[in-house]
Amino acid sequence: MADVVDAVPPDATSSSSSLPAVRPDLAALDGYHSAQVDVEVRLNTNESPMPPPVGWQEALSEAIGTIEFNRYPDREATALRTALAASHGVGVDQIFCGNGSNEVLQCLLLAYGGPGRTAALFEPTYTLHRHIARITGTPVAAGPRQDDFCLDLEVVGRVLAEAKPAITFLCSPNNPSGRADSTDEILAVAGMDPGLLVVDEAYGQFAPSSALDLRRNDPAGTRHIAVVRTFSKTWSMAGARLGYLVADPEVVRALELVALPYHLDAVKQLAGRLALDYAAQMNERVAAVVVERERIAAVLADLPVETWPSDANFLLFRPTSKDARVVWADLVSGSVLVRDCSQWPGVTGCLRVTVGLPEENDRFLAALTESLR
Ligand SMILES: *Cc1c(COP(=O)(O)O)cnc(C)c1O
């Protein structure tokens, strides 16, 4: 005990009434913000525009009545993990669940990152990868993607050779650019000593291919590939905060070392397990979003904007005739909120729109056309 007290710097405890300073490596951090503006059409956070199936809501309401709320939940989340494993054709020992995929990412960095161990990533990409690395004290080695946001395998090779990372992140389909990395590209990265290669597939169901296929086809050769998925996007369940990992059992055991006991509450475990009974309805929603995505893309092609193909439920575009921040404000005036990425490195001048319901997309396209006229 005395050792622990001695380890605290004297200035952190100098006065009983003043708060200690926050960890110096966190002081410069800004947290994670997405502008919340009161509008009628919210197309800024890549949620599903559709609620989950009514049958699921009814089944969940009924099942909640069976929960013994005075007891801790199943610490192993056995029923949920068993159902997820069956849905992917893998063993239950290959599934780890978290409070949103963000908690899964945090557990990965707690288990495999930390001071003295590097995380590699390729930007522009999901900003939370870098953010959670910093929170966990993990140094980051970053390389750029190409101008069309595809991986530059030469850059990847150079970054990995220099950094010798414990963990490498890919995001496929990539947020904010929308495009999936091909299975060939992912395999190529897997062959470059990436450490644990984490493929964040938050939008995986919208994409033509998945790193899960690689794991299925060559389990021994892809032991170091871990795939992260979430119920937040495709499954219309952002409010439930549930994500999961499909990986080698050794990786799952490592994450169990750092997850807090009982971190998955009983309601969430039920919600996730019951949702898997509605996979067909979820797939219909995915198909509907893809149809709308292509409709929006076709309209954007005729407007003064630069766009890129998307394998996700959003589109990135860069107005070429007007400042992106002015366009963003015009859209807000039309009660349409999109994500302003115009100041983010690597996507300067860009906006990102989530695919919504057909009538919401109409509102967006009308407001955008008006702004750019
Ligand atoms: C939205 C998103 C997530 C989802 O995080 P949750 O914590 O599961 O809601 C994860 N990764 C990427 C790339 C995302 O865009």
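What you see is a predicted model; the values in this text were computed from it and never measured.

### What about the overall build of the chain?
In terms of regular secondary structure, the chain is built from 14 helices and twelve strands. The C-alpha atoms of the chain give 22 Å as radius of gyration, which agrees with the globular expectation for 373 residues (21 Å, within 12%). The burial tally for the chain puts 50% of its 373 residues in the buried class. Taking contacts inside the chain between residues at least 6 apart in sequence as the whole, the part at least 24 apart equals 73%. Positive and negative charge centroids in the chain, built from 31 and 47 side chains respectively, lie 1 Å apart.

### Focus: the pairing of strand β8 (residues 243-246)
Burial along β8 is two-sided: Gly 243 and Leu 245 facing one way and Tyr 244 and Val 246 facing the other are all buried. Relative to β8, strand β2 (residues 95-98) runs antiparallel, the two being bridged by four bridges. Bridge pairing in β8 links Gly 98 to Gly 243. Bridge count for strand β7 (residues 225-230) against β8 is four bridges, and the pairing is antiparallel. Bridge pairing in β8 links Thr 230 to Gly 243.

### Some details on helix α6 (residues 127-135)
Within the sequence span of α6, burial applies to Leu 128, His 129, His 131, Ile 132 and Ala 133. Looking at the buried positions of α6, the neighbouring elements they touch are α5 (100-112), β3 (119-123), β4 (140-144), β5 (167-171) and β6 (196-200).

### A look at the domain arrangement of the chain
Domain parsing of the chain yields domain 1 (41-51 + 280-372) and domain 2 (54-278). In this assembly, 27 residues from domain 1 lie in contact with 25 residues from domain 2. Across the domain 1 to domain 2 interface the summed buried area is about 2,100 Å²; carbon plus sulfur atoms make up 63%. The three residues of domain 1 that bury the most area against domain 2 are Met 282, Val 286 and Asp 311, which together make up 30% of that side's buried surface. Applying the counting criterion to the domain 1 and domain 2 interface returns zero salt bridges. Here domain 1 and domain 2 share ten residue pairs in polar contact (both at pLDDT 80 or more) between them. For the side of domain 1 that touches domain 2, the elements supplying multiple residues, two or more each, are α12 (279-300) and β10 (314-319). Considering each element in turn, the side of domain 1 that touches domain 2 owes the most residues, eight residues, to α12. Partitioned by chemical class, the residues of the side of domain 1 that touches domain 2 number 15 nonpolar, seven polar and five charged.

### Topic: the sheet that holds β8
If you trace the seven strands from one edge of the open sheet to the other, you get β2-β8-β7-β6-β5-β3-β4, paired in mixed fashion. Both outer strands of the open sheet, β2 and β4, are each paired with one neighbouring strand and no more. Here the average twist between neighbouring strands, direction ignored, is 25°. Looking at chain direction, β3 and β5 are connected through two bridges and run parallel. Bridging from a neighbouring strand, Ala 119 pairs with Ile 167 of β5. Together, β5, β6 and β7 form the strand contacts of helix α8 (residues 183-190), whose direction differs from that of β6 by roughly 155°.

### Comments concerning the state of the cysteines
Within this structure, the stated rule accounts for zero disulfides. Distance from the sulfur of Cys 107, which forms no disulfide, to the nearest cysteine sulfur (Cys 97) is 11 Å. A disulfide-free cysteine, Cys 150 has its sulfur positioned 14 Å from the sulfur of Cys 171, the nearest such atom.

Cut-off values and rules
- Residues numbered from 1 in each chain as written.
- Predicted model: local features only at pLDDT ≥ 70, side-chain atom pairs only at ≥ 80, totals over all residues.
- Heavy atoms only, no water.
- Helix = DSSP H or I, 4+ residues; strand = E, 2+ residues; numbered from the N terminus.
- Rg over C-alpha atoms; globule rule 2.2 N^0.38 Å.
- Buried < 20%, exposed > 50% of the residue type's maximum accessible area, 1.4 Å probe, protein only.
- Contact = heavy atoms within 4.5 Å.
- Lys, Arg positive; Asp, Glu negative; His and termini not counted.
- Charge placed at Lys NZ, Arg CZ, Asp CG, Glu CD.
- Pairing = 2+ DSSP bridges.
- Domains from an automatic or database assignment.
- Buried area = accessible area lost by both parts, 1.4 Å probe.
- Salt bridge = Lys/Arg side-chain N within 4 Å of Asp/Glu carboxyl O.
- Polar contact = N/O pair within 3.5 Å; in protein donor to acceptor, adjacent residues only side chain to side chain.
- Nonpolar A, V, L, I, M, F, W, Y, C, P; charged D, E, K, R; others polar.
- Axes fitted to C-alpha atoms, helices over the stretch in contact; angles between N-to-C directions.
- Disulfide = S-S within 2.5 Å.

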